[in-house]
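Residue-level structure breakdown
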Amino acid sequence: MSDRIELTGLRVHARHGVLAAETELGQQFSVDIIAWVDMRAATKSDDLADTLNYAELAQLAYEIAAGEPLNLLEAVAGRIAEKALAQFSEITEIEVKVHKPSAPIPLVFDDIAVIAHRRR
C-alpha cells in the first residue's frame, strides 16, 4: 500500500523521562505519524467516511503523549502506534516518531527520537 497520511510536528508538553527533573518540570516533545491507508474509495467519493480522519488520529496521539508520564520514548511511540491500529481499522500500517529535542544529554545535538513501526 503506497497511500498514506502524514502528520508532522504535533507538539506537546509532557513529563516523560527517567530523571526526576523530567517528570517534575516536563519538556516539549513532538510527534510525527505516517499512516498507510487505502485512499481509493475516498478518491472516488470525496467523503471523509471513506478515509482516516486525521483530526481524530492527532487527538489520540496528543492524549497519549500528553498523558501518563512514561520512562521511555519507546513506550510513548509504541502506545500511540498500537492504540491507533486498534482504534482505526482504516490503518494498515503506521509509523510513529517521538522527538525529544531537549533530552538531558551533556552534548550538543539537534534531536533525539525513537520510531515505532507497526502493521496489521
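Here goes a summary of the coordinates provided. (Residues numbered from 1 in each chain as written. Predicted model: local features only at pLDDT ≥ 70, side-chain atom pairs only at ≥ 80, totals over all residues. Heavy atoms only, no water.)

Details of the overall build of the protein
Check the secondary structure of the protein and you find four helices and four strands. Going residue by residue from the N terminus, the α and β elements of the protein occur as β-α-β-α-α-α-β-β. When the backbone C-alpha atoms are referred to their principal axes, the protein occupies close to 50 × 25 × 20 Å. Counting only residues that meet the buried cut, the protein has 40% of its 120 residues in that class. By sequence separation, contacts in the protein at least 24 residues apart represent 61% of the contacts at least 6 residues apart. Total accessible area on the protein stands at roughly 7100 Å², and carbon and sulfur atoms take up 52% of it. (Helix = DSSP H or I, 4+ residues; strand = E, 2+ residues; numbered from the N terminus. Buried < 20%, exposed > 50% of the residue type's maximum accessible area, 1.4 Å probe, protein only. Contact = heavy atoms within 4.5 Å. Areas by Shrake-Rupley, 256 points an atom, 1.4 Å probe, with all protein chains shown as cover.)

Here's the deal with the sheet that holds strand β1 (residues 4–14)
One open sheet accounts for four strands, arranged β1-β2-β3-β4; its pairing is antiparallel. The open sheet has two edge strands with one neighbour each: β1 and β4 (113–119). Ignoring strand direction, the axes of neighbouring strands in this sheet form an average angle of 15°. Judged from the nine bridges that link them, β1 and strand β2 (residues 27–37) form a sheet pairing that is antiparallel. (Pairing = 2+ DSSP bridges. Axes fitted to C-alpha atoms, helices over the stretch in contact; angles between N-to-C directions.)

Digging into the pattern of salt bridges
Using the criterion set out here, one finds six salt bridges in the structure. Notably, a salt bridge pairs Lys100 with Glu22, separated by 2.5 Å at the nearest N-O pair. Separated by 78 residues along the polypeptide, Lys100 in the loop between β3 (91–99) and β4 and Glu22 in helix α1 (residues 20–25) bring together distant segments of the chain. Residues Lys100 and Glu22 agree in their burial class; the two are buried. Where Asp38 meets Arg40, a salt bridge forms, and the shortest distance between an N and an O atom there is 2.5 Å. For Asp38, a relative accessible area of 31% gives the class partly exposed. (Salt bridge = Lys/Arg side-chain N within 4 Å of Asp/Glu carboxyl O.)

Notes on the environment of Ala84
Along the chain, Ala84 turns up in helix α4 (residues 73–87). For the pair Ala84 and Ala35, spaced 49 residues apart in sequence, the C-alpha separation works out to 9.1 Å. If near-sequence neighbours (up to four positions away) are discounted, Ala84 is found in contact with Leu57, Leu60, Ile91 and Ile94.

Quick notes on the packing of helix α3 (residues 54–66) against α4
Contact pair α3 / α4: the axes reach a minimum separation of 10 Å and the direction vectors enclose 145°. Regarding α3 and α4, the two cross each other, and that crossing is right-handed. Taking contact as the criterion, the partners of Leu57, Leu60, Ala61, Ile64 and Ala65 in α3 are, on α4, Val76, Arg79, Ile80, Lys83, Ala84 and Gln87. Taken together, the residues of the contact of α3 with α4 break down into eight nonpolar, one polar and two charged. (Left-handed = near helix turned anticlockwise from the far one by under 90°. Nonpolar A, V, L, I, M, F, W, Y, C, P; charged D, E, K, R; others polar.)

Topic: the nonpolar core
Leu57, Ile80, Ile91, Ile94 and Val96 are the most contacted members of the largest nonpolar core, which totals 30 residues. Broken down by secondary-structure element, the contributors of at least two residues to this core are β1, β2, α3, α4, β3 and β4. Sort the elements by how many residues they give to this core and α4 lands first, with seven residues. Ile94 has contacts with Ile33, Ile34, Ala35, Trp36, Leu57, Ala81, Ala84, Leu85, Ala116, His117 and Arg118, leaving out every residue within four places of it along the chain. (Core = buried A, V, L, I, M, F, W, Y, C linked by side-chain atoms within 4.5 Å.)

Purely spatial values, then, with no claim about function.
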